[in-house]
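Chain by chain, the residues:
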Amino acid sequence: SLILLQLSTTKAYAIAYCAIREPVAIIQEFFPTYTSFKTLEGLVDESMRQEIGEVLPESHFQEFGIHSLYVVYRGEALMGFVHARTEKGLFGLDEIIWILAADMTVMEFKFQENRSGAISQSVMHHLTTLLKGADLMEVTKVLKTESELNQRDRVIISSAIKALFVTKNLLLGVQNSL
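Summary of the structure given here. Just so it is clear, the structure is predicted and the values come from calculations on it, not from any experiment.

### Section: the side chain of Thr167
Structurally, Thr167 is set in helix H5 (residues 151–177). Owing to a relative accessible area of 0%, Thr167 belongs among the buried residues under this scheme.

### So, the pattern of salt bridges
Using the criterion set out here, one finds 4 salt bridges in the structure. For Arg85, the salt bridge identified is with Glu87, shortest N-O distance 3.5 Å. Just as Arg85 is buried, Glu87 falls in that class too. When the shortest N-O distance is used, the salt bridge between Lys162 and Glu87 registers 2.7 Å. Within this pair, whereas Lys162 is found in helix H5, its partner Glu87 is found in strand S3 (residues 77–88), the two being separated by 75 residues in sequence. The burial state of Lys162 is the same as that of Glu87; both residues are buried.

### Section: the packing of aromatic side chains
Any two aromatic rings considered together are summarised by their centre-to-centre distance and by the angle between their planes. Counting across every chain of the model gives 4 aromatic pairs. When the ring of Phe109 is compared with that of Phe111, the centres are 6.4 Å apart and the planes differ by 70°; the resulting orientation is edge-to-face. Members of the aromatic cluster, connected to one another through ring pairs, are Tyr34, Phe37 and Tyr70.

What counts, and where the lines are drawn
Residues numbered from 1 in each chain as written. Predicted model: local features only at pLDDT ≥ 70, side-chain atom pairs only at ≥ 80, totals over all residues. Heavy atoms only, no water. Helix = DSSP H or I, 4+ residues; strand = E, 2+ residues; numbered from the N terminus. Buried < 20%, exposed > 50% of the residue type's maximum accessible area, 1.4 Å probe, protein only. Salt bridge = Lys/Arg side-chain N within 4 Å of Asp/Glu carboxyl O. Phe/Tyr/Trp six-rings, centres within 6.5 Å; stacked < 30°, edge-to-face > 60°.

Here is the structure:
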């Protein structure tokens, strides 16, 4: 018997899986004096994907879906944000948690799940130094001007750009809906 196999070409999009498994523990670790936090959920749609593609033309940002953003407060004062990103690593998906200051600059990052192998403390220190205190434009400049970055460094820095961009856009979306 003859079996026919039909292949169709369709564009596949990844459904975003950007979740923090234990958000309270992460918030306590990076914002030890916090008093409360809110979880905002926002949609990454085609228009946001296109905007990110303009900033990161070499990326394959195909994520759609709901993303969670944790907004951290001390009393009424905004302390910062916690946002997770899932990135394609060497041996699977790496999950990076981004800690952002109230002024939308990078404070720190950590891996929730690292399937790409160990990163030396010196490399983590170097990347943290490059990114700490940087806003979206400054992180984008680091990606474009640092000549010593390997592919993995570029993925991490691109993740910072996406975290800042998505955080900014989710906040604008919430503010515009009020």
